[in-house]
Amino acid sequence: MEISAKYSPAETEGKWYKYWMEKGFFHSEPDEREPYTIVIPPPNVTGVLHMGHMLNNTIQDVLVRRARMTGKNACWVPGTDHASIATEAKVVSKLKAEGIEKESLTRSEFLAHAWEWKEKHGGIILEQLKKLGASCDWERTKFTMDQPMSQAVINTFVYYYNKGLIYRGIRMVNWDPVGQTAVSDEEVIHRETKSKLYYLKYYISENGKPGSDFVTIATTRPETIMADTAICIHPQDTRFTHLQGKKVLIPLVNREIPIVLDEYVSMDFGTGCLKVTPAHDINDYEIGLRHNLPVIDILDNFARLNDKAQILIGEERFAARKKIVSMLNEQRHLVKEEDYISQVGYSERTDAVIEPKLSLQWFLKMDKAAIPALEVVMNNKIKLIPEKYKNTYRHWMENVKDWCISRQLWWGQQIPAWYLPDGKVVVARSPEDALEEARKIDPNVCIDDLKQDEDVLDTWFSSWLWPVSVFDPGKPGFPGKTPNEELAYYYPTNDLVTAPEILFFWVARMIMAGGEFCSDVPFRNVYLTGIVRDKQGRKMSKSLGNSPDPVKLIEEYGADGVRVGMLLCSSAGNDILFDETQVEQGRNFANKIWNAYRLVKGWNIGESESQPEHSIKAIEWFDNLLSESIETINDHFAKFRLSDALMHIYKLFWDDFCAWYLEIVKPVYGGEIDKATLESTILFFDKLLRLLHPFMPFLTEELWQNLTEREKGESIMVSSQPDSKSFNGTVLEKFALAKDAIAGVRNIRQSKGISPKESLDLHVKGNLDAGLYTTVRKMANIGNIYLFSQSSDLVSGASFMSGTTEFFVPLEGLTDISEEIKKAEAELDHLHGFLKSVNAKLGNEKFVANAPGHVVEMEKKKQSDAQTKISALEKLIQDLKKQ
RNA sequence: GGGAGCAUAGCUCAGUUGGUUUAGAGCAUCUGCCUUACAAGCAGAGGGUCGGGGGUUCGACUCCCUCUGCUCCCACCA
């Protein structure tokens, strides 16, 4: 059978994914085995796969596949997040493109459009994950707005409300006057913006009339002076002591406002006088709270001045700014203006300048919940990987603020609060329950009198329940309730793989909800991936256009190649600088494995062939090496060092298995292989494929299926990880020396321009295992191997050393003796330097007295080895010089 | 402004409670090879004194201080 010289992933990937699905290998049901559970960080339902997802989900799949192969009942729960802001924005802009304004629709009409959109675009990302090979239990796919999941959110709200932890309060939100919505802090982009700092005169009031004295304030927003409710100075500022207790008049409108004292003011910025505008600046709002100042909001939702401004009513804020500056100038209130650069917030979606706006929002108290959630991380009940994030986590948890859980949107779980005609509020799980509650307040009220709160809940308010509600949506909100079988079995989950930037938004809150409703942590380990950046270190983003399309990458390089490429360069918590050459490396590796398979499959057994000594030795060596490697790999996995584990297997396969093992046991062209060697080789190959499977699921399945006869329905993904046996270090050391001998001869060939086809002899003085002679002969094309005791016995040739073993290759007439001498002298120099440093240590009494015994022993061994080598080299140089 | 982290070969990174040869890997580079598994390959080689300075120690890439540069988080001074 002819096998192609290149591996073509496209032909195999779809086939095996279908096979795995058909056999139900991804599906998990509770049973007597130990569970291994991961819940996916749910991507936005209408999102598409980006490089961050690729990395994140590759890591999860590696962990899940490995767990499945170590006897665990592995369950990876997939799903999507309704992502209220992002999804609603997409639906709004889609409708706009069709000429439909959101404002013209009722809530239910809009939601119908949104669901339609979700049905059409939702889940694309999950299909893309399948291309990557993700072994999710698709039968368990969840969506945060599935009815039971949504009910869990409502139940949770009611639970916390009844506990007195949810309240309504005024808060400054980021208002997007173009998008007509509040946006979260994460959706505000701060950019340095050129503006002006205006210095304005406020006259001191004398019985409501401007006096002769005045204060000068500096502001970037003169159009908001009509909303001023105080002037603020620092209590220790002696320049203004005489003004304490006085009042000033706002220019143009002549409203009288007090001068208040607050340490918030910096004495050395601007003029040291600050105008306080509580409605339009968060800091001013807080000053206002401290001094009981009124709040005057002079802007409408489109950021136009309203009638409270008294002047310039109806003008848009920036137009108003221009006009008011000239008005102030005319009336001689403008002292001067300066160019000024400040950080201004812009809406990520509309690029409008964000307007801080006061509004009534729902909050969840966080201080109490934060305490146990901090503790479980600090005491390692939940481990953060890498550990450095513990600091960041603690910092946030110790300064936790109440959580604003309401959003002025329609797409999401509507807040289950109903208002009575008199404004009183009831909170309940359903309209019926709400009516019942309402009647306790007012027996005459009927359902039509109740008006439900317009806002929806923050998306994180549903995702924080995710590890609980995917198994038992009836549990959140009911801490005392017995968990269902699924939750009891799968919770706590094992590992969570996510990005550090949502450590607080999501991870911390899951820990709180899990603790509250299940009295246990939601997961044991949190593996934090880095951000995928481009070669220049820039974050990958649509607007920069520097993000490759993951699906195209998979088509071009194969899913296995992409997985390997991403993983090779990604240690936990470090950003990864993505470069397509890494994916190329992954593809090349897949091809290497493919070709190793081609080689082995091409071998025919010669029944009469006896097993050559070099094959016996190679098998013994590789068997020991494999055991040692498995131990190393297990250790890497135990510490979540996935890229180290992969790199170890990479080298084990490419260097040790292909370049050494296969080359040694390979029969001469046209020859046949003995049965024992072929069987061992196939067994090694099988083990290597199983080690590789979590990283390269498709290729390993393809080869594993064909390596030997398999039972129908078998699969590498439900086989097992190879076990390590105890290994013999001496075998490995002896082989290492033989490898050095071979490399030494090859080096001589290269530097002297001797063809590999020309047979050479080798003289050895030292410990080269006689059992490995045939190996050296075959691999270095050596005719005879001789032992020698005196280098003076040898004439023209080249020499090298490995450890304390000396090697000599006779080369008649080919050698430039002076060059040999030069080489030996350079090495001698190096050894002298080395010996000097060792001697210095051993000559230091304090070292000998204080260093542990084994360290001193080691140094002594180094010393004697170096001395042996030096004398050998000196002898060699002497002999060479005689010629 | 506050806090955290990082700085090791051209690039991306290891270096596991300071002590196995005066630092390792992969990629890239250079040299020689189309050798019948693989040029997406084979064989060989070169390359860093661990950001600068100081300190602790018998011993520092590893611990402490300091300077420089970069990154992130938080607050963003009217």
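Once a new chain begins, its residue numbering starts again from 1 and follows that chain's sequence as written. Chain letters start at A and ligand numbers start at 1, both assigned in the order the entries are written. This being a predicted model, a pLDDT of at least 70 is required before a residue's local features are given, and a value of 80 or more before pairs of side-chain atoms are given or counted; all residues contribute to the totals for chains, interfaces and linings. With hydrogens and water set aside, each side-chain value is computed from the structure's full complement of heavy atoms.

**Q** Talk me through the protein's contact with RNA strand B; I want residue IDs and the actual numbers.
**A** If you check the shell around RNA strand B, you find 58 residues, and the closest are Ser266, Tyr340, Tyr669, His830 and Phe834. The sugar-phosphate share of atoms of RNA strand B within 4 Å of the protein amounts to 55%. Any pair of nitrogen or oxygen atoms within 3.5 Å is treated as a polar contact; in protein, a donor-acceptor pairing is required on top of that, and neighbouring residues in sequence qualify only through side-chain atoms on both sides. One of the side-chain N or O atoms of glutamine 750 is found 2.6 Å from a base oxygen in RNA strand B. Backbone polar atom of phenylalanine 834 to a base oxygen of RNA strand B: 2.5 Å apart, as the coordinates give it. Any residue outside Ala, Val, Leu, Ile, Met, Phe, Trp, Tyr, Cys, Pro, Asp, Glu, Lys and Arg is labelled polar, Gly included; the first ten of those are nonpolar and the last four are charged. Within the surface near RNA strand B, the residues separate by chemical class into 22 nonpolar, 18 polar and 18 charged. For this description, a residue counts as near a given molecule or strand if any of its non-hydrogen atoms is within 4 Å of it.

**Q** Outline helix α18 (residues 580-601), listing residues and values.
**A** Each helix is a run of H or I in the DSSP string that is no shorter than four residues. Each strand is a run of E no shorter than two, and both are numbered from the N terminus. The span you would expect from a helix comes to 1.5 Å times its residue count less one. If you check α18, its first and last C-alpha atoms are 32 Å apart, about what 22 residues at 1.5 Å a residue would give, namely 32 Å. Only protein chains enter the accessibility calculation, which uses a 1.4 Å probe; a residue is then buried when its area is under 20% of its type maximum, exposed when over 50%, and partly exposed in between. Taken together, the buried positions of α18 are Gln582, Val583, Gly586, Phe589, Ala590, Ile593, Trp594, Ala596, Tyr597 and Val600. Projection of α18 onto a plane perpendicular to its axis shows the buried side chains occupying an angular sector of 155 degrees, all on one side. Working rule for contacts: check all heavy atoms of both residues, and any pair within 4.5 Å makes them a contact. Check the buried side of α18 and you find it contacts α16 (550-557), α17 (559-568), β25 (576-577), α20 (642-665), α21 (675-692) and α22 (697-707). An arc is given here, and it is the one of the directions from the helix axis to the C-beta atoms.

**Q** An account of the state of the cysteines is requested, with residue identities and associated values reported.
**A** Two cysteines form a disulfide when their sulfur atoms are joined by a covalent bond. When two cysteine sulfur atoms are found within 2.5 Å, that pair is recorded as a disulfide. By the definition in use, this model includes 0 disulfides. Just so you know, cysteine 75 is unpaired, no disulfide at all, and the nearest cysteine sulfur is the one on cysteine 136, 9.6 Å from it. Overall, cysteine 75 belongs to the buried group, its relative accessible area being 0%. In this model cysteine 232 remains outside any disulfide bridge; the closest cysteine sulfur is found in cysteine 273, 9.0 Å from its own.

**Q** With reference to specific residues and values, describe helix α2 (residues 51-68).
**A** Taking 1.5 Å per residue as the helical rise, α2 with its 18 residues ought to reach 26 Å, and the 25 Å between its terminal C-alpha atoms agrees with that figure. In terms of burial, α2 is a largely internal element, 17 of the 18 residues being buried.

**Q** Give me the side chain of serine 715: which residues, what numbers.
**A** Turning to its location among the elements, serine 715 is positioned in the loop between α22 and α23 (729-752). The exposure class of serine 715 is buried, given its relative accessible area of 2%. Side-chain polar atoms of serine 715 contact the side chain of glutamate 701, separated by 2.5 Å. When near neighbours in sequence (up to four residues on either side) are disregarded, serine 715 contacts Tyr19, Trp20, Phe25, Glu701, Trp704 and Gln705.

**Q** Mind laying out the packing of α20 against helix α24 (residues 773-780), listing which residues take part and the relevant values?
**A** Every axis corresponds to a line fitted to the C-alpha atoms, with the helix fit spanning only the stretch in contact, and the corresponding angles, defined between N-to-C directions, vary from 0 to 180 degrees. Here α20 crosses α24 at 100 degrees, and the two axes come no closer than 10 Å. Taken together, the axes of α20 and α24 are roughly perpendicular relative to one another. Two secondary-structure elements touch here, α20 through Ala659, Trp660, Glu663, Ile664 and Val665 and α24 through Thr775, Lys778 and Met779. Considered class by class, the residues forming the contact of α20 with α24 number 5 nonpolar, 1 polar and 2 charged. Comment on the angle field: the value is read as roughly parallel under 35 degrees, roughly antiparallel over 145, roughly perpendicular from 65 to 115, and oblique elsewhere.

**Q** Break down the packing of aromatic side chains for me, with residues and values.
**A** Pairing of aromatic rings covers Phe, Tyr and the six-membered ring of Trp, with a centre-to-centre limit of 6.5 Å; geometry is then stacked below 30 degrees between planes, edge-to-face above 60, and tilted otherwise. Per the stated rule, a full pass over the model turns up 46 aromatic pairs. An angle of 35 degrees between the planes, with centres 5.4 Å apart, marks the rings of phenylalanine 461 and tryptophan 464 as tilted. Accessibility classification places phenylalanine 461 together with tryptophan 464 in one group, the buried group. Between phenylalanine 800 and phenylalanine 807, the ring centres sit 4.8 Å apart and the planes meet at 10 degrees, which makes this aromatic pair stacked. Accessibility classification places phenylalanine 800 together with phenylalanine 807 in one group, the buried group. Only when the NZ atom of a Lys or the CZ atom of an Arg is both within 6 Å of the ring centre and within 35 degrees of the ring normal do we say a charge sits over the ring. The residue whose ring lies beneath arginine 65 is tryptophan 20, and the NZ or CZ to ring-centre distance is 4.5 Å. Over the aromatic face of tryptophan 403 sits the side chain of arginine 509, whose NZ or CZ is 3.8 Å from the ring centroid.

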